[in-house]
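The residues making up each chain are set out below.
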Amino acid sequence: MCGFIGYICKENSKRKDEFQKKFNFYFEKQIYRGPDYQEKISLKKGNKIIQVGFNRLSILDISNKGNQIFKNDQFCLLFNGEILNFKSIKEKYFQNTKFNSNTDTEVLFNFLIKFKTSRLDELEGMFAFVLIDLRNNEVIFCKDFTGIKPLYYLMNDEGIFFSSDANFLYSITDKELNYESCKFFFQFGFTPKEDTLIKNVKKLPPSSYMQIDLNKNHKKINKYYEIQNQKNINAYDEDDLRDTLLNVIKKNLISDTKTGIFLSGGLDSSILSVVAKKINPEITAYTSFFSPKNKYEKFNKDVQYAEKLCKDNNIKLNKVIIDEENTYQKNLILSSFQNLDEPIANLNFFNSFLQSKQAREENCKVILTGDGADEIFGGYERYQKCMTARKFRFLSTLSNKVNKLNSINNNKLPEYFYNFTNFHKFEFLFSKNFQQEMYKLSDFNFNLPNNSKKEEIINYFDLSYWLSNESNFKLDRASMFNSIEARVPFQDISLIKKYFKLKFSEKIDLFNLKKPLKKLNIVPKYINNRKKHGWFSPESFFLRGYLKEFFLDMINSNENSKEDIFNKDQVLKLFENHLSGNYYKNQLIPILTFKSWYNNL
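Residues numbered from 1 in each chain as written. Predicted model: local features only at pLDDT ≥ 70, side-chain atom pairs only at ≥ 80, totals over all residues. Heavy atoms only, no water.

**Q** Got a minute to help me understand the overall build of the chain in this structure?
**A** In terms of helices and strands, the chain carries 24 helices and 17 strands. For the chain, the spread of C-alpha atoms along the three principal axes comes to 70 × 60 × 50 Å. Counting the 601 residues in the chain, one finds 61% classified as buried. Considering only intrachain contacts with a sequence separation of at least 6, the fraction spanning at least 24 residues in the chain is 73%. Surface accessibility of the chain: about 24700 Å² in total, with carbon and sulfur atoms responsible for 44%. Averaging the locations of the 90 positively and 72 negatively charged side chains of the chain gives two centres separated by 2 Å. (Helix = DSSP H or I, 4+ residues; strand = E, 2+ residues; numbered from the N terminus. Buried < 20%, exposed > 50% of the residue type's maximum accessible area, 1.4 Å probe, protein only. Contact = heavy atoms within 4.5 Å. Areas by Shrake-Rupley, 256 points an atom, 1.4 Å probe, with all protein chains shown as cover. Lys, Arg positive; Asp, Glu negative; His and termini not counted. Charge placed at Lys NZ, Arg CZ, Asp CG, Glu CD.)

See the structure below:
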């Protein structure tokens, strides 16, 4: 796991010195993504300057032989992530090739030289990379199947800029807001899959590669794999699922450094913990709870299950306390939160950040998490709601909820289930100018599958939008701020290919979620049979106490006076209503996180 940064501009550019200065600044600022080794190189091709930098977090082959940047006379590779099947690729294609290291990066370098973009779908793992081809004047960007690793870029008349986070690119622009992305964020609590909140600063979408012709400064984005085009699967083999899951977890435990697991006490992380313990007896689990316990009792239920599971399986458990009275801890969390390059309306970031911090302090560099299992195997109650409404359609005249869910337009399903600061309902929270910009915009078009059941449609949205831009984004930043590599075994492409398009009746019924995982009986019944709980933070309570002062500081501050987004008086009035016991956290959290990001832009 690493971080990279770079740009390509004309040698006679008037902003050449400015670009170099900003590159150097953000290269050093990005060291948290890879504190073990740093390298910068300058290249020249014709009238163009190429400047790239790399920060390494050493996981595989931690010797100096594994240090990037990998390059030869024609190619230069910047790579963030892990190619988990690099050994099989090496054996399949490069038996007669001499390698200088035991890293996946060197295997990937040779693989890309041999095949360029023709066999990207053979890669397994998490990856974002940039390959510079000097001979053909071409640059190739690529991102993994579910968008686990970040890759941002900016293209304009002055050059091409790219990075593992967006801050460097923001600094190149005039920081003009992308209103369509803003509307998306306030509705869904995260940013779109191809755009940021700043105009022209882009994200490469999952399962995609981009080719840039340096002669014409022209880009073309293609899909190397389309999840939506997978064939429907009517049944599965239980033994095959067990074997596939075991192999996936084994792959994700490959590391030359200490490895741990984030254990929530739910089904997915419990399966990982039990299986990983058999493979690596020294594995350590990390969980968290809120203090004081009596105040946050309903948010600490998962800890009891995590404790019992670890005791029954002899797994070492490290419990991280999120203490509302610990000022140092609070300042640390809020400082990292304000350093996010994109806002996110999910305060579970706090849990992941502090667990990552604790793991790093114990010299752990790799963490496994259960993220992605809900999307692949059907783990959300909204899928049951869609299925129930469809099966009981005949009750539409008696139930408003059944009637509404059955009659809603498929393209509106995401807005039905993801309802944060719906602009039309809460327009009074925004400035008049911002309201005018919002009314100019058309409805969202998610390119959702046609002729599918509603549970399948919202499931596709979850995998294609939420997983990459909310869940994976949150985990990447929370872990990488602490120089930790977070791996997500359930997002392995072998599981996606076999089980994402499995018939939904095989995944869920009116009473059970994630049936295939439960039928494996890997974990005890007290985990297997418990009701879906989710890993929640006491956000409403936090706004009334823990974050009250921070919220007021953010709303009252005017550090970025370029544009007024909110109607401050109305926001404070809604905040007072929340303090009085009303429930407006879904509207206030996006406002808080946006303002925290915008103030520091």
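Resuming the write-up.
**Q** Where do I start with the pattern of salt bridges in this structure?
**A** For side chains bearing opposite charge, pairing can occur when the charged atoms are close. The final tally for this structure, using the stated rule, is 36 salt bridges. With its nearest N and O atoms 3.4 Å apart, the salt bridge here joins Glu-437 to Lys-440. For Glu-437, a relative accessible area of 19% gives the class buried. According to the relative accessible area criterion, Lys-440 is exposed, its value standing at 61%. Several salt bridges converge on common partners, so that one network encompasses Arg-33, Lys-149, Asp-341, Asp-476 and Arg-477. (Salt bridge = Lys/Arg side-chain N within 4 Å of Asp/Glu carboxyl O.)

**Q** Explanation requested: the sheet that holds strand E3 (residues 48-56) in the structure shown.
**A** Each strand in a sheet pairs with another by means of backbone hydrogen bonds, the pair being arranged parallel or else antiparallel. Taken in spatial order, the 6 strands line up as E2-E3-E1-E9-E8-E10 in an open sheet, and their pairing is antiparallel. Since the sheet does not close on itself, it has two edges, and those belong to strand E2 (37-45) and strand E10 (202-203), each with one partner. Helix-sheet contacts for helix H1 (residues 16-29) involve strand E1 (2-10), E2, E3 and strand E9 (159-163), and the interaxial angle to E1 is about 180 degrees. (Pairing = 2+ DSSP bridges. Axes fitted to C-alpha atoms, helices over the stretch in contact; angles between N-to-C directions.)

**Q** Even after reading the chapter, I still don't get unusual backbone geometry, so can you show me in this structure?
**A** Trans is the common state for peptide bonds, and a negative phi is the common state for residues other than glycine. With a phi close to 50 degrees, Lys-116 is a non-glycine residue in the positive phi region. If you trace the backbone, Lys-116 turns up in the loop between helix H3 (104-115) and strand E6 (125-133). Not every positive phi belongs to a glycine, and Asn-314 is a case in point at roughly 55 degrees.

**Q** Looking at this structure, how should I read the packing of aromatic side chains?
**A** The geometry of an aromatic ring pair is captured by the separation of the ring centres together with the interplanar angle, meaning the angle of the planes. Summed over the entire model, instances satisfying the criterion amount to 69 aromatic pairs. The interplanar angle of 75 degrees and the centroid separation of 5.4 Å between the aromatic rings of Phe-141 and Phe-162 together place this pair among those described as edge-to-face. In this pair, Phe-141 is assigned in strand E7 (residues 138-143) and Phe-162 in strand E9, connecting sequence segments 21 residues apart. Looking at Phe-162, the relative accessible area reads 0%, which means it is buried. (Phe/Tyr/Trp six-rings, centres within 6.5 Å; stacked < 30°, edge-to-face > 60°.)

**Q** I'm lost on the pairing of strand E11 (residues 208-213) in this one. Help?
**A** Where E7 lies against E11, 5 bridges are found, and the strand directions are antiparallel. Looking at E11, one finds that Phe-141 is bridged to Met-210.

**Q** Is there a simple way to explain the environment of Ile-527 in this structure?
**A** For Ile-527, the location among the structural elements is in helix H20 (residues 525-528). Take Ile-527: its relative accessible area is 1%, and that puts it in the buried class. In this structure the C-alpha to C-alpha distance between Ile-527 and Phe-186, which are 341 residues apart in sequence, comes to 35 Å. When sequence neighbours within four positions are dropped, the list of residues in contact with Ile-527 reads Gly-265, Gly-266, Leu-267, Ser-270, Tyr-305 and Leu-309.

**Q** Help me understand the packing of helix H2 (residues 86-93) against H3, please; the structure alone is not making it clear to me.
**A** Helix-helix packing is described using two parameters, namely the angle between the two axes and the distance between the axes. Where H2 meets H3, the axes come as close as 10 Å, and the angle between the chain directions of the two elements is 45 degrees. In terms of their interaxial angle, H2 and H3 are classed as oblique. Pair H2 / H3 crosses with left-handed handedness. The residues of H3 that touch H2, namely those facing Phe-86, Ile-89, Lys-90 and Tyr-93, are Asp-104, Val-107, Phe-111, Lys-114 and Phe-115. For the contact of H2 with H3, the class distribution of residues is 6 nonpolar, no polar and 3 charged. (Parallel < 35°, antiparallel > 145°, perpendicular 65-115°, else oblique. Left-handed = near helix turned anticlockwise from the far one by under 90°. Nonpolar A, V, L, I, M, F, W, Y, C, P; charged D, E, K, R; others polar.)

None of the figures reported here should be taken as evidence of function without further support.
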